[in-house]
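# Descriptive structure summary
Letter by letter, the chains look like this.
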Amino acid sequence: MKMPSVKYQRGEMVMGRWPGSSLYYEVKVLGYDTKSQLYTVIYKDGTELELKEQDIRNIAGFQTRSRSRSRSRSPGRRRSRSRSPARTTRRSSSRTAAAVAAAAIMESAPSSRRDAKLKDTLEVRLSPLQQTSAAENNSNNKHEKKEENNTANKVNEFESKVEAEPELNQGRYNLRRRKEDGDAKPVETKPEQLEEKDAKVAAAAPANLSTPLDFGGKIGAYFWLLFLPAWVLFVVLQGDLEDPSLVNFPPPLPPLEEFWDAQALGFVILWVLLQALLYILPFGKLSEGMPLSSGERLKYRTNGFFAITVSALAAAAAVYLGVDLTYIHSHFLQLATATFLISVLLSAYLYVHSCYAEPAQLALGGNSGNVVYDFFKGRELNPRIKNFDLKFFCEMRPGLIGWCLINFAMALAEMKEQRLDAPSYSMILVNLFQLLYVVDGLWNEEAILTTMDLMHDGFGFMLAFGDLVWVPFTYTLQAYYLVSHPNPLSLPAVGAIITLKLVGFYIFRKSNSEKNAFRRNPSDPKLSHLKTIPTATGKSLLVSGWWGVVRHPNYLGDLIMALAWSLPCGFSHLLPWYYMIYFIILLVHRDSRDMSECRRKYGSAWDEYCRTVRYRIIPRVY
Ligand SMILES: NC(=O)C1=CN([C@@H]2O[C@H](COP(=O)(O)OP(=O)(O)OC[C@H]3O[C@@H](n4cnc5c(N)ncnc54)[C@H](OP(=O)(O)O)[C@@H]3O)[C@@H](O)[C@H]2O)C=CC1
Ligand SMILES: CC(C)=CCC[C@@H](C)[C@H]1CC=C2C3=C(CC[C@@]21C)[C@@]1(C)CC[C@H](O)C(C)(C)[C@@H]1CC3
């Protein structure tokens, strides 16, 4: 059926301007409302918007004009040919949104302004290694000022100029539910293809430019390098004291030889090798990571559940054969020291490895040029030895599964020390809760591929130490504490704590799965009831469901669970509450890091999301 006499017809492919920006994307016309005089169009990720006629262009004329003009005129463009590392990718992709956006500007702006704008855009998209000039940085936007090293800001800077013209944003689009009918599905492009294309477009900033320095910058890096290991030492030594406390003066250091035990180092190496072997065995799924800036998607062997099952059987067999696992409790300090050594060696290797990496393989942070900061933060995004992904392996295997092994050993040590036939209720709760957390993480291992660590952070000392030392030797503190500090629990208390844990777990799992499913397949029919906000990168943001309650519902669930892990230890000491305190600090900081990153990526769409979902982690509180 033909629509009333209007310029664009239903089913026609046209170029639609992205709200609040000058970017044009290919869209399909779904209909025209004579009353509002708006066209309903659908983008390739399934997002439907209503656009005015003036925001729609004919696809054919658009292509011709953009090619001829943007090629011949811009000095920025000429420069970009020789310099930009991103250039190869862009040439190989048929038509990027950058070129499209450039053409749009050419059409709408008067010639002098037009040239300047085009230059901006092309430099952003095609020649990102260009230094940001003082004038360009002279923006009113606080956030942009902060990120002065990051050329991606120029995108924001440019777009914020557009946003400053109110009529560009007003009444331009409506948020609507994505329908389950055929029309609402992406036209032509599979979701993965769309994400790949989007990743190329979104990769406006090259990997070898730094975001603002995090963690207190260069001085902060020195501090954390010393503080983190010292803190592990402090809590490990505290756990053994009769009256441990987080506010105790540090106990005197044991003699140096007490730190070292060759056998302990041998056990740690064996453990890491066992996990590496289980990781490379060809069992389990090969999952694809999120698209990299090159558009490539790395493959990961997600057989973590298999790995923990085999490890559990191995531990059970060892106990059956008479191996005394309480060795782990009695040699906690020596095991921690050995693991620390391994993490330092690994970090040094990672730093050297990153020096041979292609610029495109480097993470956005961690490339400040300061050796200490970069060593700490991590330079390379996905360091690999052939197909062996070091970051993924370290984050999900030796430390995480080691955490459960240590907890189990602590339960055995408690029985031995307290002369019990079975572990106490408190110990059972702590063991089961944390086991559930780890098993769930490994069962849903694929979901880690859409988290910040895997997608954005480089792999350096912070994560190597965090994964290998921090997780197994500080996350086990509750169990370690309970070995020598029994805390009897009544059955109602047990029931209440279990309920709390289940509530936290439900929120955590549901929200993580919701986001993961949405990122992997934005047009998943199971999520079609959710509202989304489109962004200029082509990715959308969930704005209902769990992600409409607070901006980090997964952190909320995680925090509730952390509370349930500490409660079994009672209130007589602060030490077992350490995890809760640390976790609040970690997640608040992570949340603010993520907010800045998302604001940089999504610009006005992110601000819109923040206006719609007002609280960060705890509804009505924070
Ligand atoms: N036990 C522990 O020690 C720790 C546990 N965790 C847990 O790990 C899990 C992962 O955490 P983390 O990686 O920090 O963060 P998230 O899994 O929350 O990932 C943040 C990313 O999600 C995307 N996103 C944000 N808002 C939306 C939205 N509304 N709609 C769609 N996508 C959105 C953005 O990435 P993009 O848009 O680019 O896809 C953002 O950068 C959490 O459950 C956390 O609690 C984390 C740290 C430590
Ligand atoms: C202070 C310091 C050295 C911090 C480093 C932070 C790391 C310890 C954490 C960063 C993100 C993590 C995640 C998990 C463990 C802790 C680290 C590595 C995680 C694997 C735990 C299990 C969960 O189910 C998870 C998979 C969601 C989670 C992912 C993030």
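Everything below is about the structure shown above.
This structure is a prediction, so every number in the text was calculated from the model and none was measured.

### Description of a nonpolar patch on the surface
On the surface, a nonpolar cluster with roughly 480 Å² of combined accessible area is contributed by Tyr425, Ile428, Leu432, Leu435 and Leu491. Ranked by residue count, the leading element in the nonpolar patch is helix H19 (residues 425–443), at four residues.

### Some thoughts on the pattern of salt bridges
Applying the stated criterion to the full structure yields 15 salt bridges. The closest approach of N and O atoms between Arg397 and Glu445, which form a salt bridge, is 2.8 Å. Highlighted residues: Arg397 in the loop between helix H17 (390–396) and helix H18 (398–417) and Glu445 in the loop between H19 and helix H20 (452–455), separated in sequence by 48 residues. Per residue, the accessibility class of Arg397 equals that of Glu445, and both read buried.

### Digging into the site of ligand 1
In the neighbourhood of ligand 1, 27 residues make up the surrounding shell, with Tyr475, Tyr555, Asp558, Lys601 and Tyr602 lying closest. At 2.5 Å from an oxygen atom of ligand 1 is found a side-chain nitrogen or oxygen belonging to Tyr475. Relative to its free-state accessible area of 910 Å², ligand 1 is covered by the protein chains to the extent of 93%. Among the secondary structure elements, those contributing two or more residues to the shell around ligand 1 are H20, helix H23 (491–520), strand E11 (540–542), helix H24 (553–566), helix H25 (578–602) and helix H26 (604–612). Considering each element in turn, the shell around ligand 1 owes the most residues, eight residues, to H25. The residue inventory of the shell around ligand 1, partitioned by class, reads 16 nonpolar, four polar and seven charged.

### Thoughts on the site of ligand 2
Near ligand 2 there are 16 residues, and of these Glu395, Gly441, Ile448, Asp453 and Asp467 occur at the shortest range. The fraction of the free accessible surface of ligand 2 (630 Å²) that becomes covered by protein chains is 88%. Where the shell around ligand 2 is concerned, the elements lending two or more residues are H17, H19 and helix H21 (461–474). With five residues, the top contributor of residues to the shell around ligand 2 is H21. Among the residues forming the shell around ligand 2, the class breakdown is ten nonpolar, two polar and four charged.

### Quick look at the nonpolar core
If you look at the biggest cluster of nonpolar residues, it comprises 108 residues, and the most contacted ones within it are Phe392, Trp403, Met410, Phe459, Trp470, Phe473 and Tyr579. Once residues lying within four places of it in the same chain are set aside, the contact partners of Trp470 are Leu228, Trp231, Val232, Phe465, Tyr475, Tyr578 and Tyr582. Core analysis: the second largest hydrophobic core is formed by 16 residues, Leu527, Leu530, Trp547 and Tyr609 among them.

### A short note on the side chain of Asp467
Secondary-structure assignment places Asp467 in helix H21. For the buried Asp467, no salt bridge is present, and the opposite-charge side chain at shortest range is Arg590, 8.6 Å distant. A polar side-chain atom of Asp467 sits 3.3 Å from the main-chain amide nitrogen of Glu395. Excluding residues within four positions of it along the chain, Asp467 makes contact with Lys391, Cys394, Glu395, Gly399, Phe459 and Pro472.

### Quick notes on the environment of Lys531
In this fold, Lys531 is placed in the loop between H23 and strand E10 (532–534). Between the C-alpha atom of Lys531 and that of Leu541, which follows or precedes it by ten residues, the distance is 8.5 Å.

### So, the side chain of Ser343
Take Ser343: it is sitting in helix H15 (residues 332–355). We classify Ser343 as buried; its relative accessible area is 0%. Beyond its immediate chain neighbours, meaning those up to four positions away, Ser343 contacts Phe461, Ala464, Phe465, Leu468 and Val469.

### Section: the packing of aromatic side chains
If you walk through the whole model with that rule in mind, you get 42 aromatic pairs. Ring geometry for Phe332 and Tyr480: centres 4.5 Å apart, planes at 50 degrees, overall tilted. Within this pair, whereas Phe332 is found in helix H15, its partner Tyr480 is found in helix H22 (residues 477–484), the two being separated by 148 residues in sequence. For Phe332, a relative accessible area of 1% gives the class buried. Sitting above the plane of the Tyr351 ring, Arg379 keeps its charged end 5.8 Å from the centroid. The residue whose ring lies beneath Arg384 is Tyr300, and the NZ or CZ to ring-centre distance is 4.9 Å.

### Some points on H26
Every buried residue of H26 is accounted for by Ala605, Trp606, Tyr609 and Cys610. Each buried residue of H26 sits inside an arc of 140 degrees when the element is viewed along its axis, so together they form one side. In this fold, the buried residues of H26 make contact with E10, E11 and H25.

### Some words on the state of the cysteines
Overall, the coordinates contain zero disulfides when judged by the stated rule. Between Cys569, a cysteine without a disulfide, and Cys404, which holds the nearest cysteine sulfur, the sulfur-to-sulfur distance is 16 Å. Of all cysteine sulfurs, the one in Cys610 lies closest to Cys598, which takes part in no disulfide; the gap is 8.4 Å. Here Cys598 falls in the buried class, since its relative accessible area comes to 6%.

Reading the values: the criteria
- Residues numbered from 1 in each chain as written.
- Chains lettered and ligands numbered in written order.
- Predicted model: local features only at pLDDT ≥ 70, side-chain atom pairs only at ≥ 80, totals over all residues.
- Heavy atoms only, no water.
- Patch = residues over 30% accessible without salt bridge, like charges linked within 9 Å, V, L, I, M, F, W, Y side chains within 5 Å.
- Areas by Shrake-Rupley, 256 points an atom, 1.4 Å probe, with all protein chains shown as cover.
- Salt bridge = Lys/Arg side-chain N within 4 Å of Asp/Glu carboxyl O.
- Helix = DSSP H or I, 4+ residues; strand = E, 2+ residues; numbered from the N terminus.
- Buried < 20%, exposed > 50% of the residue type's maximum accessible area, 1.4 Å probe, protein only.
- Near = heavy atom within 4 Å.
- Polar contact = N/O pair within 3.5 Å; in protein donor to acceptor, adjacent residues only side chain to side chain.
- Nonpolar A, V, L, I, M, F, W, Y, C, P; charged D, E, K, R; others polar.
- Core = buried A, V, L, I, M, F, W, Y, C linked by side-chain atoms within 4.5 Å.
- Contact = heavy atoms within 4.5 Å.
- Lys, Arg positive; Asp, Glu negative; His and termini not counted.
- Phe/Tyr/Trp six-rings, centres within 6.5 Å; stacked < 30°, edge-to-face > 60°.
- Lys NZ or Arg CZ within 6 Å of the ring centre and 35° of its normal.
- Arc of directions from axis to C-beta.
- Disulfide = S-S within 2.5 Å.

Shape is all these values report; function is a separate question.
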